[in-house]
Amino acid sequence: MTIYSLYIFDRHCTCVYYQDWHRTVRPKTAVEGGMLPAVYAPVYPSTNPDDTSYSNRNTLASSSGVVVAVNDDVPHTPLPTQTAHSPIAQMPPPPTSNLSFDEEAKLVYGVVLSLRNMIKKLSGKDEQFVNYQTSTYKLHLYETLSGYKFVMLSDPNADSLRFVLRQIYSGPFLEYVVRNPLVEMDSKERGIDNEYFRMSTDRLVRGLTVFQ
C-alpha cells in the first residue's frame, strides 16, 4: 500500500497546492493561464525558458523530499558532461501523462463535486462523502468549514486516510499557511506553496505506516 498524491482546492474550486510521491506517470506541464503560480513548480508553464524565478529558491524533489536547489551560485568550474561513450547509462525519463496538470486537477475536483452532490441528494444532508475506490486507486476527501478541500489518492487497499488529511490541515496547513502573513489566502492569483508547508507535509506522509 502507498500514497500517490495530494491536491488542495480552495473555496473558489481552484487547485492551490499539489504534491506527489509514488506516482509512476508524472503530470504534464499546465497550459499557460491554466493554473496559479505557487501550486507546484515543476508543472507551472514558463513563457521564458531562461526564467529562474523558481529555480533560485529552495525546491524539493517530490519523490525524495530532499532539497535539490538551495539558491547556490553557478559553479566556477564547469561540471563534466556525459558523452556518447560514457560508461554511465542515462536513465530514460519517466512517462508523462496525456493530460495537462490543469485539466487533471479539474477532473479530480469534478469527480469530488459530482459524488458529493449525488450523495447529498440520495442520502440527505447528514451524509458525507469521504472516499471512493476503483480498481487502481482510492480517493480520500476532507473538507474544512472554510471551504478548502483536501484530496488524497492512495493505493486501493489502503484504509481511510481522512484522519491524515485532517492532520495536514490542523498541523502544517494552519501553522505554515493560515498563520503565515506572507501567504495570501483566497487571493485568486497565487497558490499556497511554501517550503515549510511542503517539507512538513512530506515528513508527515512519509512517517505513515501506509507509506511504502
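Here, the structure is the one placed above.
For the structure given in this document, a descriptive report is provided here. What you are looking at is a predicted structure, and each value in this text was computed from that prediction instead of being measured.

## A closer look at the packing of helix 2 (residues 162-178) against helix 3 (residues 195-206)
- The interhelical angle for the contact between helix 2 and helix 3, taken along N-to-C directions, is 155°, at an axis separation of 9 Å. In terms of axis orientation, helix 2 runs roughly antiparallel to helix 3. Our pair here, helix 2 against helix 3, has a crossing hand that is right-handed. On helix 3, the residues touching V164, Q167, I168, P172, F173, Y176 and V177 of helix 2 are Y196, F197, S200, T201, L204 and V205.
- A per-class count over the contact of helix 2 with helix 3 returns 10 nonpolar, three polar and no charged.

## Re the packing of aromatic side chains
- Applying the stated rule across the entire model yields 17 aromatic pairs.
- A ring pair is formed by F150 and F173, whose centres lie 5.2 Å apart and whose planes are at 80°; its orientation type is edge-to-face. With F150 in strand 9 (residues 149-154) and F173 in helix 2, this residue pair connects regions lying 23 residues apart in the sequence. One exposure class covers both F150 and F173, and it is buried.
- Measuring from centroid to centroid gives 5.8 Å for Y176 and Y196, while their planes differ by 20°, and the two rings are stacked. With Y176 in helix 2 and Y196 in helix 3, this pair connects stretches of sequence that are 20 residues apart.

## A closer look at the pattern of salt bridges
- This model, assessed by the stated rule, comprises seven salt bridges.
- With a closest N to O distance of 2.8 Å, R11 and D186 form a salt bridge. Of this pair, R11 sits in the loop between strand 1 (3-9) and strand 2 (15-20) while D186 sits in the loop between helix 2 and helix 3; the two residues are 175 residues apart in sequence, bridging distant segments of the chain.
- By relative accessible area, which is 49% here, R11 ends up partly exposed.
- With a shortest N-O distance of 2.6 Å, E104 and R23 are connected by a salt bridge. Taken together, the positions of E104 in helix 1 (residues 101-123) and R23 in the loop between strand 2 and strand 3 (26-28) put the pair 81 residues apart, joining distant regions of the chain.
- The exposure class of R23 is partly exposed, given its relative accessible area of 24%.
- One network of salt bridges, with partners in common, ties together R116, E143 and K149.

## Concerning the pairing of strand 9
- The buried fraction of strand 9 is high, at six of six residues.
- Here strand 9 shows two buried faces, one formed by K149, V151 and L153 and the other by F150, M152 and S154.
- Two elements, strand 8 (residues 138-143) and strand 9, share six bridges in a ladder whose sense is antiparallel. The partner of K138 across the bridge, within strand 9, is S154.

What counts as what
- Residues numbered from 1 in each chain as written.
- Predicted model: local features only at pLDDT ≥ 70, side-chain atom pairs only at ≥ 80, totals over all residues.
- Heavy atoms only, no water.
- Axes fitted to C-alpha atoms, helices over the stretch in contact; angles between N-to-C directions.
- Helix = DSSP H or I, 4+ residues; strand = E, 2+ residues; numbered from the N terminus.
- Parallel < 35°, antiparallel > 145°, perpendicular 65-115°, else oblique.
- Left-handed = near helix turned anticlockwise from the far one by under 90°.
- Contact = heavy atoms within 4.5 Å.
- Nonpolar A, V, L, I, M, F, W, Y, C, P; charged D, E, K, R; others polar.
- Phe/Tyr/Trp six-rings, centres within 6.5 Å; stacked < 30°, edge-to-face > 60°.
- Buried < 20%, exposed > 50% of the residue type's maximum accessible area, 1.4 Å probe, protein only.
- Salt bridge = Lys/Arg side-chain N within 4 Å of Asp/Glu carboxyl O.
- Pairing = 2+ DSSP bridges.

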